[in-house]
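A look at the structure
Now for the letters of each chain:
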Amino acid sequence: MNIVELDQLHYCWKGQTKDTLHIPELSIAQGEHVFLRGESGSGKTTLLNLLAGILSPSSGSIRLLGQDLHNVSSIKRDRFRADHMGVIFQQFNLLPYLSVVENVTLPCHFSARRRDKAGDMQQSALSLLDHLQLGETLRGKIVSELSVGQQQRVAVARALMGQPEIIIADEPTSALDTNTRDRFIKLLFAQAEAQNSTILFVSHDPYIADYFPRVIELSEINQAL
Amino acid sequence: MILLKLTWRSLWNRRISIVLTLLSIAISVSLLLGVEYIRKEAKSSFLNTISGTDLVVGARSGQVQLLLYSVFRIGNATNNIDWETYQHYKHHKQVKWTIPISLGDSHQGYRVLGTNTDYFKYYRYADKQNLALAKGVPFAGVYDAVLGAEVAKKLGYTLGHSITLAHGAGATSFSEHKNKPFKVVGILKPTGTPIDRTVHVSLEGIEAIHIDWKSGAPVAGFEISAEKAARMNLEPETITAFLVGLKSRAATFRLQREINEDRQEPLLAAVPGIALAELWKSVGQFETILRVITVFVLVAGLLGMLTTLLSTLNERRREMAILRAMGAYPLQILLLFLLEALVIAVLGCLLGCIFVLVGVLLAQPWITAEYGLYLNTWLPDGDDGIMLGLIVSLAVIFSALPALIAYRRTLQDGLTVKV
């Protein structure tokens, strides 16, 4: 089954006459980790918001996990995102007033499906943190005391919590140095594969492309440019 | 549930600015409740000044003026009542008791009230309470005086003290009744009414000190000694006013009309309750102003909260994007802000209540000792409940602005935040 299927997708911002995005066709299979490369202004952000169900396409269809997300209400799209997607931002991924473990278990409070899949929330959060090499000494710390690399790994743990099918990572390594970046990506891959999640990795950094079986140049598939 | 937890933790994370906001709301709430409390206490203490009296009778003037000089010891009577007239009504078949009142003298600025022992027997204040002596006995002799609690306390008088009365009501009088000093024989317990600020003597005493006077001044070369005066006929020719208790309250208005239509003398009979209400209405203007001021203070407090909430909007943009990525609905983001205001407002109200409660508890002994006013312990009543409810609703309405801004931004920002 395809994780993502786009068909004649058009998106035009309100008040503009020209499409920002026009993707005639794109499909991504399950387990096929994809590197979406694009310069800023290539419609990267728009595509991300469309895939996450924040935006709805002007025309054309988006099918995620076989479900058509085009014609459903925004509440259903929010629900879908909560149930099936983990999101990792560039930086400042964590809520500063929650503990490390509380940050990791947060998705379970918005999705019953992920709560059920996680089983014992506390336990699975700790084991994820373990696998991401975040030792016990770090868990007691307040979030702002963690290094950027550590914060990003906590964000990975949160995105993977409750085994969502899709992990959307939006330039998660841009604030990391090369060594930390490599370790981060290896850990991300290992954990995503362990629970059969598909990674959609968005970045402008071509050096990371080597890790991915499939690389998509946004400028090549976006006909609107 | 998670929203409540997030709200709480997020507030805790910003506790310094939140505590300040909370304090400003608590202070305005306590001010509002406090003013309301003082208003109610003042009103009840005001209405408690006289009770159990059916009619107050004096020379014809306004009923408020009559009440002011006869009960509150403020201002002066325009005219007196003939002793014969008083006797007529004293023995009226509907009348159970009367208390004659003779005013016009003072001691160190405190009014002197001439009356008879019926005053101690029949005068009632607050909830039909009798006057009680803290020390000593009611006056019996011509030159005996019974002091109100405040007079004794402020001037440091005890039983046996000798005092001179002065003519007129001012604090400094040049014509004193020096040759006829009075002896303190009793001191009343505090009542929280103007009685505390009154010197009580017998009608005969008033008559005795004026026996060698004419037209408000001593007659030169004509002085009668205290002893001699006491032996003379001291039945007064006039009194200032008198209080009436009836056998049946049903007769109140009939007797009132009878007195008002008296053909011998222009009199005015006032029903204390009605006159008090009229007097309070004119005093009550003040409370409206006080209320308006406190409402403004409250609005200032709420605007302070609004400012705090608005100022955090930018730094919380990231927070909102994270929650959206988790699958939070835009409506939940809106709710987060409303909840925050709700928590602040409810806590502010609670803290305000505690301020008032503690403030009243602390002030109680002092007020009682200093002013003889007994304050009821503050407990929120129905009116206060409505007011607190309004404050909380107002806070939530105010917070709708930052909430709506956050809501719109989450829709625009989506998962990417331009910080």
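What counts and what doesn't
Residues numbered from 1 in each chain as written. Chains lettered and ligands numbered in written order. Predicted model: local features only at pLDDT ≥ 70, side-chain atom pairs only at ≥ 80, totals over all residues. Helix = DSSP H or I, 4+ residues; strand = E, 2+ residues; numbered from the N terminus. Rg over C-alpha atoms; globule rule 2.2 N^0.38 Å. Buried ≥ 20, exposed ≤ 12 C-beta atoms within 10 Å, placed from the backbone. Contact = placed C-beta atoms within 7 Å. Nonpolar A, V, L, I, M, F, W, Y, C, P; charged D, E, K, R; others polar. Expected span 1.5 Å × (residues − 1). Pairing = 2+ DSSP bridges. Axes fitted to C-alpha atoms, helices over the stretch in contact; angles between N-to-C directions. Core = buried A, V, L, I, M, F, W, Y, C linked by C-beta atoms within 7 Å.

Helices and strands together make up the secondary structure of chain B, namely 14 helices and 17 strands. For a compact globule of 419 residues, the expected C-alpha radius of gyration is about 22 Å, and chain B comes in at 31 Å, more than 25% above that figure. With the principal axes as the frame, chain B shows a C-alpha extent of 105 × 45 × 30 Å. Expressed as a percentage of its 419 residues, the buried residues of chain B come to 38%.

What follows covers the interface of chain B and chain A. Accessible area lost during the coming together of the parts is what is often quoted as the interface size. Listed as interface residues are 16 residues of chain B and, on the opposing side, 24 residues of chain A. Residue assignment for the side of chain B that touches chain A shows that the elements contributing at least two residues are α1 (2-13) and α12 (317-325) of chain B. Take the side of chain B that touches chain A: its biggest share by element is 5 residues, from α1(B). Across the side of chain B that touches chain A, the residue classes break down as 8 nonpolar, 5 polar and 3 charged.

Now for helix α7 (residues 148-160) of chain A. Residues and elements named next belong to chain A. For α7, which comprises 13 residues, the first-to-last C-alpha distance of 18 Å matches the rise-based estimate of 18 Å (1.5 Å per residue) to within 8%. Counted residue by residue, α7 has 10 buried out of 13 residues, so it is predominantly covered. Of all the positions in α7, only Q150, Q152, R153, V154, A155, V156, A157, R158, A159 and L160 are classed as buried. On its buried face, α7 is in contact with β6 (85-88), α3 (100-110), α5 (121-131), α6 (136-139), β7 (166-170) and α8 (178-194). G162 sits one or two residues past α7 and shows a positive phi near 75°.

This part covers the sheet that holds strand β9 (residues 214-217) of chain A. Residues and elements named next belong to chain A. Strand order in the open sheet formed by 5 strands is β6-β7-β8-β3-β9, and the pairing between neighbours is parallel. Edge positions in the sheet fall to β6 and β9, since each of these pairs with one other strand and no more. Pairs of neighbouring strands in the sheet enclose a mean axial angle of 15°, with direction left out of account.

All names here are of chain B. Counting buried residues along strand β12 (residues 198-202), 5 of its 5 residues qualify, which places the element largely inside the surrounding structure. Across the two faces of β12 the burial is the same, with T198, H200 and S202 and V199 and V201 all buried. Across 5 bridges, strand β4 (residues 110-115) lies against β12 in parallel orientation. From the neighbouring strand, G114 faces β12, where its bridge partner is V201. Sheet topology places strand β8 (residues 144-147) next to β12; 3 bridges connect them, and they run antiparallel. Opposite L147, over in β12, you have V199 as the bridge partner.

Another aspect to go through is the nonpolar core. Judged by nonpolar contacts, the single largest core of 102 residues is most densely connected at A:V87, A:A157, A:I167, A:I168 and A:L200. Here this core gets 11 residues from one element, more than from any other, and that element is helix α13 (residues 330-371) of chain B. Apart from the residues within four sequence positions on either side, A:L200 is in contact with A:V34, A:L36, A:L51, A:I166, A:I167 and A:I168. In this structure, B:Y89, B:A208, B:A241 and B:A269 belong to the second largest nonpolar core, which totals 60 residues.

Read these as geometric descriptors, not functional statements.
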